[in-house]
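# Report on the structure
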Amino acid sequence: TDAVPFYGEHQAGIVTPAQDRLHFVAFDVITDKKAELDELMQEWTAAAARMTQGREAGTFGAVGGLPEAPPDDTGEALGLPASGLTLTVGFGASLFDDRFGLAARRPAAMAPLPKFPGDALLPEISGGDICVQACAHDPQVAVHAVRNLARIGFGRVSVRWSQLGFGRTSSTSRAQATPRNLMGFKDGTNNLKLEDEALLAEQLWVAPGDGQDWMTGGSYLVTRKIRMMVETWDRAPLDEQQQIFGRDKGEGAPLGRKAEFDPVDFNARDAAGQPFIKADAHVRLAHPSSNGNAHLLRRGYNYVDGSDGLGRLDAGLFFMAYQRDPHRQFVPIQLSLARHDALNEYIKHVSSGLFACPGGVRDAGDYWGRTLL
Ligand code: HEM
């Protein structure tokens, strides 16, 4: 009933209306045999096709196999519906090194992201050879999926890092209400959406001739774990908070306008002749008109990883954005934000990832990475 189709031209989990929960995982490949990697991708794809339809990871299931053997499903999702589960795979730049002879297949778009001013990246929670984004309406279903992929991958991959998220901070369809991030603002108002077909073709999906043919129909994912200094933010006046984003906190309307979806007019001025939306406001700096018409499909989640031992919440935004070319989209936007965004006083980027997510798995004979491997 609430199962999202697994097979298709594009991978599910990109324009799929954002589910409530996230379990994101980055793996390192620990085998040096390409055949083993190829085999793993086939096993993973079969398990993903089953789990996204609400079935167990393996054909015997949690309790149907031999009592002498470990079950081929871990069991914690027994009785739970598919819960909108999507599993989206991506390949990191480190996979295209000498180990598997893939250097010539590395897309130019996978060139490393530059170091941005203010970056405080921790290598142990950045990068990775392969990522899987698991999104679902039920956290137990998302965790079950990642856990079973890690179990299947034993001896061939190891988990490098993973991140749980909740309260999607983006809407990716006009049918969804805009949720709020942990700063209390609506997030996702001016996002690329499922219904924007022409823009998706222009800005989201890799097209034939873009570079590496194996990426046709795919998209590039940038992840950034962005810690928020929520205690400092909570002491900032409402007026300052609104000016930082350039939108009001209650309705989400651009400053100077009334309703959330009113178009933004960066030239509009108040009675004193000052622009309603300041030069260092987040939405002005991030807007396509300030970045050579670059759009992103943002699909981030809030996170709270408990507290940090100093009495502060370890909280923020696990930012994820899909795009056709990160060096023409994410990079210029983030360079401008890192230099000028008024929000920087309250945030810190602590992890980063760039992944090439290929086109969709077509049918049961196809598998994740077939076009690459
Ligand atoms: C817009 C929050 C980081 C790109 C917005 C909006 C909010 C927001 C509240 C306005 C509503 C909307 O249109 O979605 C945040 C927070 C961040 C963050 C709290 C960090 C913790 C980033 C980063 C990027 C980015 C790192 C990309 C490099 C955008 C874009 C828009 C936007 C493209 C839409 C601008 C427009 O066209 O009006 N963000 N954001 N944001 N943000 Fe962020």
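Here the structure is a predicted model, which means the values were calculated and not measured.

Where helix α1 (residues 34-51) meets helix α2 (residues 139-152), the closest approach of the two axes is 10 Å, and the angle between their N-to-C directions is 155°. Overall, the two elements α1 and α2 adopt an arrangement that is roughly antiparallel. Crossing angle aside, the handedness with which α1 passes α2 is right-handed. Facing E43, W44, A47 and M51 of α1, the residues of α2 in contact are A145, N148, L149 and I152.

As annotated in UniProt, the feature "domain: Dyp-type peroxidase N-terminal" (unreviewed entry) corresponds to residues 11-166 in the numbering used here. Taken as a whole, residues 11-166 contains 21% helix and 21% strand, while its terminal C-alpha atoms sit 21 Å from one another.

Take the domain arrangement of the chain next. Per the domain assignment, the segments making up the chain are domain 1 (7-104 + 122-168) and domain 2 (200-360). Placing the centre of domain 1 and that of domain 2 at their C-alpha centroids yields a distance of 27 Å. For the side of domain 1 that touches domain 2, the secondary-structure elements that each account for two or more residues are β1 (21-29), β2 (86-92) and β4 (157-168).

The side chains of a regular strand alternate between the sheet's two faces. Relative to strand β7 (residues 301-307), β4 is paired through two bridges, and the arrangement is antiparallel. The residue of β7 that forms the bridge with F166 is N302. Where β7 meets strand β8 (residues 313-323), five bridges bridge the pair, whose relative direction is antiparallel. Among the inter-strand pairings, V304 is bridged to a residue of β8, identified as A315.

Reading the values: the criteria
- Residues numbered from 1 in each chain as written.
- Predicted model: local features only at pLDDT ≥ 70, side-chain atom pairs only at ≥ 80, totals over all residues.
- Axes fitted to C-alpha atoms, helices over the stretch in contact; angles between N-to-C directions.
- Helix = DSSP H or I, 4+ residues; strand = E, 2+ residues; numbered from the N terminus.
- Parallel < 35°, antiparallel > 145°, perpendicular 65-115°, else oblique.
- Left-handed = near helix turned anticlockwise from the far one by under 90°.
- Contact = placed C-beta atoms within 7 Å.
- UniProt positions renumbered as here; feature names shortened; annotations may be inferred.
- Domains from an automatic or database assignment.
- Pairing = 2+ DSSP bridges.

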